[in-house]
Amino acid sequence: MITTVLKPVRTIGKTTLNFLAAVGRLSSFAGKGIYHCVVPPIYWRLLFRQLIQIGYYSLPVVGLTALFTGMVLALQSYTGFSRFNAEGAVATVVVLSMTRELAPVLAGLMVAGRIGASIAAEIGTMRVTEQIDALTTLSTNPYKYLIAPRLIAGVITLPMLVLVGDVIGVFGGYIVGVYTLGFGPENYLMNTWEYLEAIDVISGLIKAAVFGFLVTLMGCYNGFNSGRGAQGVGRATTNAVVSSSILILVFNFILTRMFFS
Amino acid sequence: MQQYKLRLHNVHKSFGSNRVLRGASLDIKKGESVVIIGGSGTGKSVLLKCVLGLIMPDRGEITVDGQNITFLPVHKRDNFMHKFGMLFQGGALFDSLPIWENVAFGLLQKHNYSRKDAYDVAIEKLRSVGLGERVAQLFPAELSGGMQKRVSLARAIATNPEIIFFDEPTTGLDPIMADVINDLIVKATKELGATTLTITHDMASARKIADDIAMIYDGKIIWRGSAKKIENSGNEYVDQFIHGRADGPIALAV
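(A) Structural view of the overall build of chain A. Within chain A one finds nine helices and zero strands. Across its three principal axes, chain A shows a C-alpha extent of roughly 65 × 60 × 35 Å. Residues classed as buried in chain A amount to 46% of the 261 residues present. Across chain A, contacts joining residues at least 24 apart in sequence account for 85% of those joining residues at least 6 apart. Counting every atom, chain A has about 13100 Å² of accessible surface; 71% of that belongs to carbon and sulfur. Of note, chain A has its 17 positive side-chain charges centred 21 Å away from the centre of its 10 negative side-chain charges.

(B) Representation of the state of the cysteines within the structure. Residues and elements named next belong to chain A. Inspection of every chain in the model, using the stated rule, returns zero disulfides over all chains. The cysteine cysteine 37 is free of any disulfide, with cysteine 220 supplying the nearest cysteine sulfur at 9.2 Å. Exposure remark for cysteine 37: the relative accessible area of 16% places this residue in the buried category. Given the relative accessible area of 0%, cysteine 220 is considered buried.

(C) Structural context of the pattern of salt bridges. Evaluated as defined, the whole model comprises 16 salt bridges over all chains. Its salt-bridge partner being Arg224(B), residue Glu32(B) comes within 3.1 Å of it at the nearest N-O pair. On the criterion of sequence distance, the pair formed by Glu32(B) in the loop between β2 (18-29) and β3 (33-37) and Arg224(B) in strand β10 (residues 220-226) is long-range, its members being 192 residues apart. Arg224(B) gets classed as partly exposed once you look at its relative accessible area, which sits at 31%. For Lys208(B), the salt bridge goes to Asp179(B), with nearest N and O atoms at 3.0 Å. Of the two residues, Lys208(B) is situated in helix α8 (residues 203-209) and Asp179(B) in helix α7 (residues 175-192); the sequence distance between them amounts to 29 residues. Within this structure, Arg127(A), Glu130(A), Asp133(A) and Lys49(B) form a network of salt bridges that share partners.

(D) Seen up close, the sheet that holds strand β7 (residues 163-167) of chain B. Residue and element names in this part refer to chain B. Overall, mixed pairing links the six strands, which are arranged β6-β7-β8-β3-β9-β10 in an open sheet. Each of the sheet's edge strands pairs with one partner strand only, and the pair in question is β6 (84-87) and β10. This sheet shows a mean twist of 20° between the axes of neighbouring strands, independent of strand direction. Inspection of the sheet shows β3 paired to strand β8 (residues 195-200) by five bridges, in the parallel sense. Its bridge partner being in β8, serine 33 is matched across the sheet by threonine 196. Strands β6 and β7 of the sheet are contacted by helix α6 (residues 145-157), whose axis makes an angle of about 175° with β6.

(E) Structural context of the packing of aromatic side chains. Counted under the stated rule, the structure contains 15 aromatic pairs over all chains. Ring centres of Tyr145(A) and Phe105(B) lie 5.3 Å apart, and the angle between their planes is 70°; on these two criteria the pair is classed as edge-to-face. On the criterion of chain membership, the pair formed by Tyr145(A) in helix α6 (residues 142-179) and Phe105(B) in helix α4 (residues 105-109) is interchain, its members lying in two chains. Given the relative accessible area of 3%, Phe105(B) is considered buried. Linked through ring pairs, Phe29(A), Tyr143(A), Tyr221(A) and Phe224(A) together constitute an aromatic cluster. Taking the ring centre of Phe224(A) as reference, the NZ or CZ of Arg127(A) above it sits at 4.9 Å. It is Lys13(B) that lies over the ring of Phe15(B); its NZ or CZ is 5.3 Å from the centre.

(F) Fine view of the domain arrangement of chain B. All names here are of chain B. Domain annotation for chain B reports domain 1 (1-83 + 162-254) and domain 2 (91-160). Each of domain 1 and domain 2 has a C-alpha centre, and the two are 25 Å apart. With 14 residues of domain 1 in contact, the opposing surface of domain 2 contributes ten residues. In this assembly, domain 1 packs against domain 2 so that about 1000 Å² is buried in total across both faces, 72% of it on carbon and sulfur atoms. Counting every contact that joins domain 1 to domain 2 gives zero salt bridges. At the junction of domain 1 and domain 2, the tally comes to two residue pairs in polar contact (both at pLDDT 80 or more). Counting only elements with at least two residues in the side of domain 1 that touches domain 2, the list comes to β7 and α7. Looking at the side of domain 1 that touches domain 2, the element that brings in the most residues is α7, giving seven residues. Residue composition of the side of domain 1 that touches domain 2, by class: ten nonpolar, one polar and three charged.

(G) Just the sheet that holds β2(B), in detail. Residue and element names in this part refer to chain B. Overall, antiparallel pairing links the four strands, which are arranged β2-β1-β4-β5 in an open sheet. Looking at which strands have only one partner, the edges of the open sheet turn out to be β2 and β5 (67-68). Of the strand pairs in this sheet, strand β1 (residues 4-15) and strand β4 (residues 59-64) are connected by five bridges, and their pairing is antiparallel. Counted as the bridge partner of histidine 12 is arginine 59 from β4.

Calculation rules
Residues numbered from 1 in each chain as written. Chains lettered and ligands numbered in written order. Predicted model: local features only at pLDDT ≥ 70, side-chain atom pairs only at ≥ 80, totals over all residues. Heavy atoms only, no water. Helix = DSSP H or I, 4+ residues; strand = E, 2+ residues; numbered from the N terminus. Buried < 20%, exposed > 50% of the residue type's maximum accessible area, 1.4 Å probe, protein only. Contact = heavy atoms within 4.5 Å. Areas by Shrake-Rupley, 256 points an atom, 1.4 Å probe, with all protein chains shown as cover. Lys, Arg positive; Asp, Glu negative; His and termini not counted. Charge placed at Lys NZ, Arg CZ, Asp CG, Glu CD. Disulfide = S-S within 2.5 Å. Salt bridge = Lys/Arg side-chain N within 4 Å of Asp/Glu carboxyl O. Pairing = 2+ DSSP bridges. Axes fitted to C-alpha atoms, helices over the stretch in contact; angles between N-to-C directions. Phe/Tyr/Trp six-rings, centres within 6.5 Å; stacked < 30°, edge-to-face > 60°. Lys NZ or Arg CZ within 6 Å of the ring centre and 35° of its normal. Domains from an automatic or database assignment. Buried area = accessible area lost by both parts, 1.4 Å probe. Polar contact = N/O pair within 3.5 Å; in protein donor to acceptor, adjacent residues only side chain to side chain. Nonpolar A, V, L, I, M, F, W, Y, C, P; charged D, E, K, R; others polar.

Next comes the structure, spelled out in structure tokens:
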């Protein structure tokens, strides 16, 4: 009788404990990772390679996403605003939505799929094939060699990608605005500039830096703790993408509250 | 006391309820080559990883040159790690680096080698395992299993370590390549004067490499003796293992 009553309570307790343990493990992992980002030596060669891998090679994906998002935003807001004769606000809506919200979040999610997955798969395979153990036996700290360059590269490159995304997104809105909706080019650009404030862009870039950290952290953490065999690596990859995507959405809310309330 | 290079005393390690090591003890003299034989899952790899600090033992004592390193965390082991070389079972070559950088990895990390000097040492070490300079720029995935093992051996000896560990060096190789690797191991360790600890279940390999053979069973070292005496060990566990008989005192968990 008592046991039947207590069963749900026990399940809740167990789940909570597991969750807290996972948060603890992740935090300690993140702490070690950050420690090795700031304490020399830093592997410049590896950092450079990661900057190219995470930043440069993500440009096409982020650029295309931003272009089409900007174009759709212009189309959608035009049809909405024309119902109460506010078409003039289209340019402002495009630039504010892009810089504050859509460029960082969409770039973050695209990079989570592209980079989070590849980091988890690469480090997971290294774990499974004992390459991480081999690093240790060769007097090399795996956190310094594998984790730190990726974390630094994520934090540096994502804001850059978002800045490029901002420009391309506005350009997408401009194309639709000028060539489909019939705005005057000068007028559209003026409306874009007029209501844009520095905080709109800066908040987006700070978000991007946080998202870059989250994506690379979750990729590294899941890869580093990957289970055995192909299945273990597969699970690590999935977990990296899912967890970093969710964290991006959660932190997006938290950061937006911090900046604009 | 002092002449022991590596000592393990009463080492215990459990994973959850699975007690893998139950008081393993082993002493290895300087320049000696000891081979640990034993079935799969008897704790051979765990024992090796405890010495390297990749796994923390629960209890016991591990000393290198008389200094206790049992519970020394990995980041404080720098003074000891350069004494160690390790050949991993799967090779564990870094597949993002070309062969020569793999071999020279330990040298490049120590910062007192320029890339040019490290390259020269790598080529020399590759030669000593029978590989020419033309493989230097290739990547590990482009080599056959036997060649990868040789590169891995070259990496293990590149820093001239005092103690070298071999984790199943011949597993997954054809008999001829296995013998080539055995010869290379004997030659390389004699040249360096290194102390070696090998784990294997390949008896041909054990007979060739070992001065002494130790048998691990149920998480303990149950027999140790000279490689020449292995046929007349007088231990029925050892007899069953070296003759590969299914029936005997060793019960396999099927």
